[in-house]
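# Residue-level structural notes
Below are the chains, spelled out letter by letter.
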Amino acid sequence: MPTRLSALAILLLPAAAPAADPVDYGRDIRPILSNSCFKCHGPATQKAKLRLDDRQAAIDKGAIVPGKPAESELLTRVLLPDTDEGRMPPADVGHHLTPDQTAKLKAWIEQGAAYAPHWAFVAPARPAVPADKARPFDTVHPVDAFVRARLAAAGLKPSPEADRPTLIRRVTLDLTGLLPTPKEVDDFVRDESRDAYAKVVDRLLASPHYGERQARHWLDLARYADSNGYTIDGPRQIWPYRDWVIKALNDDLPFDRFTAEQLAGDLLWAREGERLGGSGWAGLAARVRHHGSVASRVATGFHRNTSFNEEGGTDAEQFRVERTVDRASTTAAVWLGLTAGCAQCHDHKFDPVSQKDYFRLYAFFDSCDEPTLPIGGPPDLEEKIAELNRQAAAARRAGNDAETKRLNAEIRKTQGQVPSTLVMRERPVPRVTHVQIRGDFLRKGDAVQPGYPTAISTTVAAEKRLTRLDLANWLTSAGNPLTARVTANREWQKFFGRGLVETENDFGYQGDFPTHPELLDWLAVEFREGGWSFKKLHRLIVTSDTYRQSSAARPAAAAKDPRNLLLARQARLRLEAEVIRDAALCASGKLSPKVGGPGVYPPQPKEVFALTQNAHPWPESQGEDRFRRGMYTHIWRQSQHHLLTTFDAADAQTTCTRRNRSNTPLQALHLANDPVFVELAGFLGKRIEADGPRDDAGKLAWAFKACFARTPTATEADRLKAYLDARRKADPKGAWAAVARVLMNLDEFITRE
């Protein structure tokens, strides 16, 4: 009886789309199957010997009968009531499919149940730029052409361009993370030339602060911190890696080279060193002056940002394996946008990534040593530090805590002789890598060689052992379908708050379908074929009309597209933690323009360390260092600066592909009462008095321009003037500082329109 009722229900299902509008497997069907079916009937598990990610297997079991939805067991099962044990997915596993989902399944089966490769696993090809029928003879920006075509199909129109003050504040924050000065605002507003905005963009791209802003995003991916993590959370010196990232981005180092140096800079160093004379490590002293080679070794700090357990009595091999697992999972997340770490213990439940695939990727990093590289100093210093590290490891294994403590102190003393950084180095004899049964490093399975994921590469076995340099070259090769897409999507996310693929960390079967697939492919190909240039890509995005739109909500557009996925307007974004403080530094006139160097210690309450195992030193910075950019703040993994935790900074434990943006009462209290912001408001008050015009109205207008790049409305000016007058009666000397505190505590101050 249930089967007959279900068959009748199938026949009565409404059509999801006309026959002339085929259901798209990748966009419409695979997400349904992946979310509701693949966990039990997918790549890793096939209950009842049914596999739904393979068309022929599904047909052979009768789950799908192409062209005949009423005879397809898949549809029969999903329509059963919750009380029926045969209902799929089971009631205790998942919810019933929605009527729209079942209608799509029916239409898809009627149309032949065609499967297609996952869109993200097919190498992108450059699509044709849509023609603008409304302006057939105009040259339309490629980004705008794709976005307008999508809007037109939905019956929507783009928003008008933002006003000039909003525009210069937006693009300055996005490209440099700083506020424009009042003079920069005035110059732009008064510039009537056609290329006025383009000149602003070019100036910002050439600024040394561009690299700082973009590096902060990359350091989130690299899980950068200045300490080792775990409960001891001892200090480490790796800031030269952070400075390398800033310089590389300022120099517009092509992303393929950017990738190769971070994943395999030591191998590049050895190759380039051979061309300079000498080979191996013995020739270091003769070649250390070759900056490019040394810099490429510093770049390998990307994978030295893993946590390191310093506790006595730990198993050194266990935590070496954990660091290697982190490196494999991070590489897959950053360059491929895949949750490959889910395959550490078993085949991936949703994506076609086997456990062997995972450990082939793991094998690239399994044969790495973890030395400390002195930046300058005597040539034998590196080997001295390495020897001390070996002795300390032996003492830890022996449980000799006193000797371990003594050696660690000696290591820190030796490292302190010159600046140093943590790097990677290939072992002379590679380790043999095994699949770890159930993810247990003590249970060794089959031996594997380094190799690429089979879902996106046919190269499993190679004539020679593949290296990290081979991996880096493959990641940025034209045949790799993911890297250019994943990276272009993440860069888009910086400027709109959301990627064209919203699940920026998952391009697998569980990830979202792109809102603008043709635009994403066009950007990916343009990025790759344009020389892997971040600056070119950023310039392309920020010069588009789509980027320059007003962020004001429009009721008609919101009714059709409530989440603004189709980009009928810009996004309104709360600033990130470091940028909030940087904005206060800019407005106050106290920002230090110094780029690079060791981390600094801006003021924070001593109570931060009350709940940590070790009360770490926090020598509050004075002078210029007190007013350095937020990205230079020293990061203790277990006790980050309170500004970072309050405003959703990355936790520095795992790779962070997108920060959260929360809105909490604690954030308002922080801005209102934190001594740092009170101090900076005082400096802004003095600046208003010193740099603003003589009259109060002029000073208020100047203050608005310094904070918001615009002049106040009449209502705003009147309210502030009344507040100023009241404060003068109560505290004449602190009146302007009080006004400054009001401005710094407005939502607009911490928001990028």
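Our subject is the structure that appears above.
These remarks concern the structure in this document. Every value quoted in this text rests on a predicted model; they were computed, and no experiment measured them.

### A few points about the nonpolar core
- Membership of the largest hydrophobic core comes to 175 residues, with the highest contact counts inside it found for Trp 218, Tyr 241, Leu 523 and Phe 749.
- If one sorts the elements of this core by residue count, helix α26 (residues 577–588) sits on top with eight residues.
- Residue contacts for Phe 749: discarding those within four places in its chain leaves Arg 169, Leu 179, Leu 575, Ile 580, Ala 583, Ala 584, Ala 587, Cys 707, Phe 708, Leu 743 and Met 744.

### Here's the deal with the packing of helix α16 (residues 316–336) against helix α21 (residues 483–496)
- The interhelical angle for the contact between α16 and α21, taken along N-to-C directions, is 75°, at an axis separation of 7 Å. Comparing the axis directions of α16 and α21 gives the class roughly perpendicular. Touching Ala 333, Val 334, Trp 335 and Leu 336 of α16 are Thr 483, Val 486 and Arg 490, all from α21.
- Along the lines of polarity and charge, the residues of the contact of α16 with α21 split into five nonpolar, one polar and one charged.

### Examining the pattern of salt bridges
- Overall, the coordinates contain 59 salt bridges when judged by the stated rule.
- Between Glu 110 and Lys 106 there is a salt bridge, and its shortest N-O distance comes to 3.9 Å. Pair noted here: Glu 110 and Lys 106 are both in helix α6 (residues 99–110), with a separation of four residues, about one helical turn.
- Overall, the relative accessible area of 41% leaves Glu 110 in the partly exposed class.
- Using a relative accessible area of 9% as the deciding quantity, one classes Lys 106 as buried.
- Between Asp 191 and Lys 199 there is a salt bridge, with its nearest N and O atoms 2.9 Å apart.
- For Lys 199, a relative accessible area of 40% corresponds to the partly exposed category.
- Taken together, the shared-partner salt bridges in this structure form one network comprising Arg 27, Asp 28, Asp 100 and Lys 104.

### A look at the environment of Ala 472
- Take Ala 472: it is sitting in helix α20 (residues 468–475).
- Along the sequence, Ala 472 and Lys 68 sit 404 residues apart, while their C-alpha atoms lie 47 Å from each other.
- Not counting residues within four places of it along the chain, the set of residues in contact with Ala 472 comprises Thr 259, Ala 260 and Leu 263.

Procedures and definitions
Residues numbered from 1 in each chain as written. Predicted model: local features only at pLDDT ≥ 70, side-chain atom pairs only at ≥ 80, totals over all residues. Heavy atoms only, no water. Core = buried A, V, L, I, M, F, W, Y, C linked by side-chain atoms within 4.5 Å. Buried < 20%, exposed > 50% of the residue type's maximum accessible area, 1.4 Å probe, protein only. Helix = DSSP H or I, 4+ residues; strand = E, 2+ residues; numbered from the N terminus. Contact = heavy atoms within 4.5 Å. Axes fitted to C-alpha atoms, helices over the stretch in contact; angles between N-to-C directions. Parallel < 35°, antiparallel > 145°, perpendicular 65-115°, else oblique. Nonpolar A, V, L, I, M, F, W, Y, C, P; charged D, E, K, R; others polar. Salt bridge = Lys/Arg side-chain N within 4 Å of Asp/Glu carboxyl O.

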